[in-house]
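# Tertiary structure, described
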Amino acid sequence: MTELLTQAVSLVALGDIMVATADNPPVNALSHSVRAGLSDAISAFEKNDAARAMILVCAGRTFFAGADIREFAKPMREPLLGEVIARLDGCTKPVIAAIHGTALGGGLEVALACSYRVAVASARFGLPEVKLGILPGAGGSLRLPRLIGVEAALAMISEGRQIDAAEAARNGLIDAIVGSDLADGALGFARRIIDAGGDIRRASELPIPSFHSALFETARASMRKRFRGYVAPQKAVDLVETAVTMPFADAGEREYATCKELLGSPQSKALRHLFAAEREALKIEGVPADASLRDIRKVAVVGPGTMGRGIAACLLDAGLSVVLIGLSDESLGKARSGIARIYESALKRGSLSAEEIERRLSRLTLTQSYDGLADVDLAVEAVTEQRDVKAEVFGKLDAALRDDAIIVTNTSFLDIEELASASRRPSNVAGMHFFNPAHVMKLVENVRASRSAPDVLATITALARRLGKTPVMVGRSEGFVANRMLSKRTREAQFLLEEGATPAQIDRVLSGFGFPIGPFALADLAGMDIMAAARAARLPRMSDREKSCNIVDRLVAAGRLGQKTGAGYYRYDEKRTASPDPEADTILDTHRRDRGIVPREISDDEILERCLYAMVNEAAKILEEGAAARPGDIDVIWTSGFGFPSYLGGPMFHADRIGIQTIKAALDRYSALVGREYFQPAPLIERLAAEGKGFYG
Ligand code: CAA
C-alpha cells in the first residue's frame, strides 16, 4: 500500500523492494517537503527488515532539478539537503536512483549519494550551480571526481557542463541505461543487485582517480579568460582541488561553507535574478500560458542577405524546411555559399558531421519565385530596411501564402504597425528581430503589433525557443529595446570622443566594466561602412550636435573601414591585433578643431556613467511607454544580446544596486554638462528617486 510520507514523497513496498516517489511539480525541486519526505523514506527503509533495496524515483517530467531556488532567499528549514544526503550515503542497504529528465545540482548530488544510478537514454546530468553564481554544497564536488575522474568532474562543476546518458554510462556516472519504462528497468536492476548479494557502493569511499599535476593551474588560467569577471568558476577550481586533496569530511565542510558564502554574494543574487527574469519574460500579457500553438514545419525567408542567411541556417538547424527567396541567381548563389560557409566552420569545429550537414541542406530550397508557398506556415521578411521594399514583399507574401500563415518582419527600426495594417492578415503579422550573426546570437526581440493574435505571439515565442534563442516580447518603439538603448550609449561614446577621450580609454572603461568588447573595437570589427549606414538611417532624427559629431563619416572618407582595411579607430597588424593609431588621432584632432572643441581630460567615472546612465534613462522611457513589459525583460535583452555582464544582473538590476537617487543626481549633473535634451531624467526615474524606490520596487 502506498504511504504518503509528506505532501511530496510517497513510499510503497513491492515485495522486498521499496519505491520512494517524489512528486513536486514542475521540476521536482528539493523543497522542504521533498527533503523531509526523503528523510522519512530512508528511515522507513532502514527500519523495514524485509526491504532489501530502495528505488528513488520522481514523478512528472524530471528527476530532481536541484535545490528549490525559491527557498534561497529564506532561512533554510531542516532537514537540510546535506543531512538527507549524508543519510543516503550512510544507508546500510542499496538505494538506486532511477533518473529521467534532468538530474541537476542538488538533484544530481542526491543521485551521487545513492549506491547505484540507472537512467533512461534521454536523461541529462549536470552541476549547473556555477550558472547561478554558487557551487555544489552537498557533496557534489567530492563524489563526482571519485566517480568519473577529476578532469571530467572539474569541467562539469566549473563550467556547468551537462552530459547525456551515453556519456554518463561511459564515464561511470551511471551504472546502466534502461529502456523507456524507467520503473520496470529500475526494478529489474534492483532485483539483480539483490540477487548478487545486495552490495552497497559508496562514492564517498572510492579512491581519488589520478590526475595531471598541472590540471588546476591550467583550469584557473582558462576560467580567468573564459569567464572574465565571474567569481564562481574560479572558486569551483579551488573547490575541486580541495575535494581531491583534503580528507572527505574536511573538504565537505569547506564545500558547504563556500556554497553558503557564494549564496549571499551579489553575483549570485544577480544571476538568480536573471534565471527568474528569463522565465518571466516568456509570460506574455494577453497570451494564456496554455495558448494553442500553430504547427510550424516549413518557413519562407525572403531576403538572402546576411540576416536572411543566418536566419535560414538556424531554422535548418532546428529541423525546419526553408524556402529562401531572393531577387537574382547571383544573390541566391551568394546565399548558398554563405550558408555552406556557416556549416563548413561547424564541420571544422567537429560540432556537425558531413552527413548531418547534408541532411540539413537537403531541407533548403532557393528560389526567385513566390509560387508554391501553400505549404509554408510562416514567412520571415528579411529584406533591406526600406519601407517601400518591405511593403512590396508583404504584398507578395499576402498573395502567395495561406490565410492562416504567419508573416514576421525582421525590421530593426521600421514601424511594425504600418506593415501589419497594410497586410490583409494583420492578426497574423508580428516581428522577429534577430541580431547579426543570426545563427549565433541568442537574443530575438519578438515584436507585437496591436492586432497580433495571441496564438501568433505564443507561436513565435515557441519558435524562437525551438531555435535555441532567448525570446523577449517587445512593443512598438523605434529601434525596439536593444538598439534603442544602444544608440544612446553610442551617442555618448561619440560625444566623449570629440570632447577629449580616446577610443582606447573608452574601450578600456567599458570592457573593464564587463562588456566583452569596447564600442570602438566593436565598430572596427563590424565595419565602419556598416556603422556609417546605421548612422545615415538615423540622421533625420538626430540632434544638431549628433549630426555634426560625424567622426564615423570622416573615418570612412579616409578609407578606414575597420579591421577589414587594417585601420579604423585603431590600426591592425596582420594578426588583427589593435594598437592606437596617430592617423586616427589626427582625424579626431581635425574634427575637434573644425567643431571648435578644446579637448579636456575626461575621467573614467564620467565615461562609465554617461554611457551607462544614458542607457538606463532610455530604458526608463521604454518601460513607461510599455515597449518593454518589465525591467526584467530589459535585463534579459541586454545580457543575452549585447554582452551586459550577467553577474551584474542586467542594466536595470544594476541600476537598482547603484541606487536610482544616485543615478538621478548624475543625470542632472550631465544635463548641465552635456545638455538637457540628452540627460533630462525620465519621468519614471524622477518618480522612483522621489519615492526612494528602484525599478524592482
Ligand atoms: N527551483 C525552483 N524552481 C525551479 C527550479 C529550481 N531549481 N528549476 C526550475 N524551476 C521553475 C522555473 O522557475 C519555472 O517556473 P515558472 O513555470 O513559474 O516559470 C518552472 O520551474 C519550469 O522551469 P523551466 O521553464 O526552466 O522548464 P524547462 O523544462 O525549460 O527546464 C530545467 C527545466 C532544465 C530543470 C530548468 O528549469 C533548469 O535548468 N533549472 C535550474 C536547475 C538548477 O540550476 N539547479 C541547481 C539549483 S542549485 C542547487 O541545487 C545547489 C544546491 O544544492 C545549493
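To start, this report covers the structure provided alongside it. This is a predicted model, so every value here is computed, not measured.

### A look at the sheet that holds strand β5 (residues 95-99)
With mixed pairing, 7 strands are arranged side by side in an open sheet as β1-β2-β3-β4-β5-β7-β10. Because the sheet does not close on itself, it has two edges, and the strands there are β1 (3-4) and β10 (176-178). As paired strands, strand β4 (residues 53-58) and β5 are joined by 4 bridges and run parallel to one another. Within β5, the position partnered with I55 by the bridge is I96.

### A short note on helix α7 (residues 182-195)
For α7, built from 14 residues, the straight-helix expectation of 20 Å at 1.5 Å per residue is met to within 8% by its first-to-last C-alpha distance of 20 Å. Those residues of α7 lying buried are L182, G185, A186, F189, A190, I193 and I194. Immediately downstream of α7, the backbone of G197 shows phi near 115°, a positive value.

### Quick word on the packing of aromatic side chains
Per the counting criterion, the structure on display carries 15 aromatic pairs. Aromatic side chains F227 and Y230 sit 6.4 Å apart centroid to centroid with 85° between the ring planes, which places their arrangement in the edge-to-face category. Of the residues examined, F227 reaches a relative accessible area of 21% and is grouped as partly exposed. Measuring from ring centre to ring centre gives 5.5 Å for F435 and F642, while their planes differ by 90°; the resulting arrangement is edge-to-face.

### Remarks on the packing of helix α5 (residues 150-159) against helix α9 (residues 232-245)
Across the interface, α5 lies against α9 with an axial gap of 9 Å and an inter-helix angle of 145°. In this structure, the crossing between α5 and α9 has a hand that is right-handed. Judged by residue contacts, V150, L154, I157 and S158 of α5 engage P233, A236, V237, V240 and V244 from α9. Along the lines of polarity and charge, the residues of the contact of α5 with α9 split into 8 nonpolar, 1 polar and no charged.

### Quick notes on the pattern of salt bridges
Close approach of charged atoms allows side chains of opposite charge to pair. Tallied over the full model, the rule gives 60 salt bridges. Here E381 makes a salt bridge to K390, at a shortest N to O gap of 2.6 Å. Pair check on accessibility: E381 and K390 agree, each one buried. A salt bridge links D604 to R508; the nearest nitrogen and oxygen atoms lie 2.9 Å apart. On the criterion of sequence distance, the pair formed by D604 in helix α25 (residues 604-625) and R508 in helix α19 (residues 503-513) is long-range, its members being 96 residues apart. Note on D604: relative accessible area 30%, which makes it partly exposed. A cluster of three or more residues bridged by salt bridges with shared partners is formed by R491, E492, E498, E499, R545, R595, R600, E606 and R610.

### Digging into the pairing of strand β2 (residues 9-14)
In this sheet, β2 lies alongside β1 in antiparallel orientation, the contact comprising 2 bridges. Bridge pairing in β2 places L4 opposite S10. Between the end of β1 and the start of β2, which pair antiparallel, lie 4 residues. Bridging between β2 and strand β3 (residues 17-22) involves 6 bridges; their strand directions are antiparallel. Across the sheet, L14 pairs through a bridge with I17, a residue of β3.

Each value, and the rule that gives it
- Residues numbered from 1 in each chain as written.
- Predicted model: local features only at pLDDT ≥ 70, side-chain atom pairs only at ≥ 80, totals over all residues.
- Heavy atoms only, no water.
- Pairing = 2+ DSSP bridges.
- Helix = DSSP H or I, 4+ residues; strand = E, 2+ residues; numbered from the N terminus.
- Expected span 1.5 Å × (residues − 1).
- Buried < 20%, exposed > 50% of the residue type's maximum accessible area, 1.4 Å probe, protein only.
- Phe/Tyr/Trp six-rings, centres within 6.5 Å; stacked < 30°, edge-to-face > 60°.
- Axes fitted to C-alpha atoms, helices over the stretch in contact; angles between N-to-C directions.
- Left-handed = near helix turned anticlockwise from the far one by under 90°.
- Contact = heavy atoms within 4.5 Å.
- Nonpolar A, V, L, I, M, F, W, Y, C, P; charged D, E, K, R; others polar.
- Salt bridge = Lys/Arg side-chain N within 4 Å of Asp/Glu carboxyl O.

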